[in-house]
Amino acid sequence: MSRVGQVTRTTSETGVSVSIDLEGSGEVSVDTGVPFFDHMLSQFGTHGRFDVHIDARGDLDVDAHHMVEDVGIALGQAVRAAVGDGRGIARYASLHVAMDDALVLAAIDVGGRSFLHYGLPAQRVMLGTFPSDLSEEFFRAFVAHAAVTLHLVSEHGRNTHHIIEAAFKGVGIMLRAATQVVRDDIPSTKGRL
């Protein structure tokens, strides 16, 4: 079964091309012009074992906000397209991810409803050219367009890089688990997601 989503999003601020194969093996190529963000998206794809290709250009001379948000929108739309009607998927998954000093809970419901609980530190720290508070903007855009519920909770940690990286890894791993085909029907008493 092919479960691939492809999206091209063009605005006056950015041009984003995304493809994701939920049945992939972790083949990842990412170029957004924001190195830390590229690193996080690579963690998402590699640890989720998705084939993910993201190419994006935009107004980075302003700042990284438009780029991060628009990649979140396009990746969310691509995931939603790849999931389709959700027939057979596990739907739910959760995991604590440890990375050195950081411990992050990532829990997901691929159930057709968008909700984000973002319980990671909110203070702004610059990670290269990436302001750390943009990770919340990314996940908010992703969740809204993938139609998933996502809870991210930092149990503890001091290093912002480690906390955010644990979150991206956890979301990749849990999205893979939640979208695995494990049954024959649609996982909802409503008969649809």
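Chemist: I'd like a description of the packing of helix 1 (residues 35-48) against helix 4 (residues 160-179), backed by residues and values.
Modeler: Where helix 1 meets helix 4, the closest approach of the two axes is 7 Å, and the angle between their N-to-C directions is 35°. Helix 1 and helix 4 meet at a crossing whose hand is right-handed. In this structure, helix 1 uses F36, F37, H39, M40, L41, Q43, F44, H47 and G48 to contact helix 4, whose residues at the interface are H161, I164, E165, F168, K169, V171, G172, I173, L175 and R176. Classifying every residue of the contact of helix 1 with helix 4 gives 10 nonpolar, six polar and three charged.

Chemist: Describe the nonpolar core, and please don't skip the residues or the numbers.
Modeler: Membership of the largest hydrophobic core comes to 58 residues, with the highest contact counts inside it found for F138 and F139. Setting aside anything within four residues of it in sequence, one finds F139 in contact with L116, Y118, L150, L152, A167, F168 and V171.

Chemist: So what about the pairing of strand 1 (residues 4-10)? Which residues, and what values?
Modeler: Looking at chain direction, strand 1 and strand 2 (residues 14-21) are connected through seven bridges and run antiparallel. Along strand 2, the bridge assignment pairs T10 with G15.

Chemist: Can you break down helix 1 residue by residue, with the values?
Modeler: Its 14 residues give helix 1 an end-to-end C-alpha distance of 20 Å, which sits within 8% of 20 Å, the value for a rise of 1.5 Å per residue. Three or more residues of helix 1 are buried, namely F36, F37, D38, M40, L41, Q43, F44, G45 and G48. The positive-phi residue at the C-terminal boundary of helix 1 is R49, with phi of around 60°.

Chemist: Break down the sheet that holds strand 10 (residues 149-156) for me, with residues and values.
Modeler: The sheet built from four strands is open, its strands ordered 5-6-10-7 with mixed pairing. Strands at the two margins of the open sheet, each flanked by one partner only, are strand 5 (92-99) and strand 7 (115-119). Going from strand to strand, the sheet's axes swing by 10° on average, the running direction of each strand aside. Bridge count between strand 6 (residues 102-109) and strand 10: seven bridges; the pairing is antiparallel. Each bridged residue has a counterpart across the sheet, and for A106 the counterpart in strand 10 is L152. With respect to the sheet, helix 3 (residues 134-146) is in contact with strand 7 and strand 10, its orientation differing from that of strand 7 by roughly 160°. In the packing of helix 4 onto the sheet, the strands contacted are strand 5, strand 6 and strand 10, and the crossing angle to strand 5 comes to about 150°.

Chemist: Run through the layout of surface pockets, naming residues and quoting values.
Modeler: Of the voids in this model, the largest pocket is the one considered here, and its volume is about 200 Å³. Lining the largest pocket are R80, V83, G84, D85, V110, G112, A146, A147, I186, R192 and L193. Looking at the lining of the largest pocket residue by residue, the class counts come to six nonpolar, two polar and three charged.

Chemist: Before we move on, could you go through the pairing of strand 10 and cite the residues and values that matter?
Modeler: Pairing of strand 7 with strand 10 involves five bridges; the strand directions are parallel. Residue pairing for strand 10: Y118 is matched across the bridge by L152.

Chemist: Which residues make up the packing of aromatic side chains, and what values go with them?
Modeler: Scanning all chains against the criterion turns up nine aromatic pairs. Taking 5.1 Å as the distance between ring centres and 70° as the angle between the ring planes, the aromatic pair formed by F138 and F139 counts as edge-to-face. Judged by centre distance (5.2 Å) and plane angle (25°), the rings of F138 and F168 are stacked. In this pair, F138 is assigned in helix 3 and F168 in helix 4, connecting sequence segments 30 residues apart.

What counts, and where the lines are drawn
- Residues numbered from 1 in each chain as written.
- Predicted model: local features only at pLDDT ≥ 70, side-chain atom pairs only at ≥ 80, totals over all residues.
- Heavy atoms only, no water.
- Axes fitted to C-alpha atoms, helices over the stretch in contact; angles between N-to-C directions.
- Helix = DSSP H or I, 4+ residues; strand = E, 2+ residues; numbered from the N terminus.
- Left-handed = near helix turned anticlockwise from the far one by under 90°.
- Contact = heavy atoms within 4.5 Å.
- Nonpolar A, V, L, I, M, F, W, Y, C, P; charged D, E, K, R; others polar.
- Core = buried A, V, L, I, M, F, W, Y, C linked by side-chain atoms within 4.5 Å.
- Buried < 20%, exposed > 50% of the residue type's maximum accessible area, 1.4 Å probe, protein only.
- Pairing = 2+ DSSP bridges.
- Expected span 1.5 Å × (residues − 1).
- 1 Å grid on protein atoms, 1.4 Å probe; cavity = no way out; pocket = protein on both sides within 12 Å on 5 of 7 lines; lining within 4 Å.
- Points joined across faces, edges and corners; volume = space filled by probe spheres on them.
- Phe/Tyr/Trp six-rings, centres within 6.5 Å; stacked < 30°, edge-to-face > 60°.

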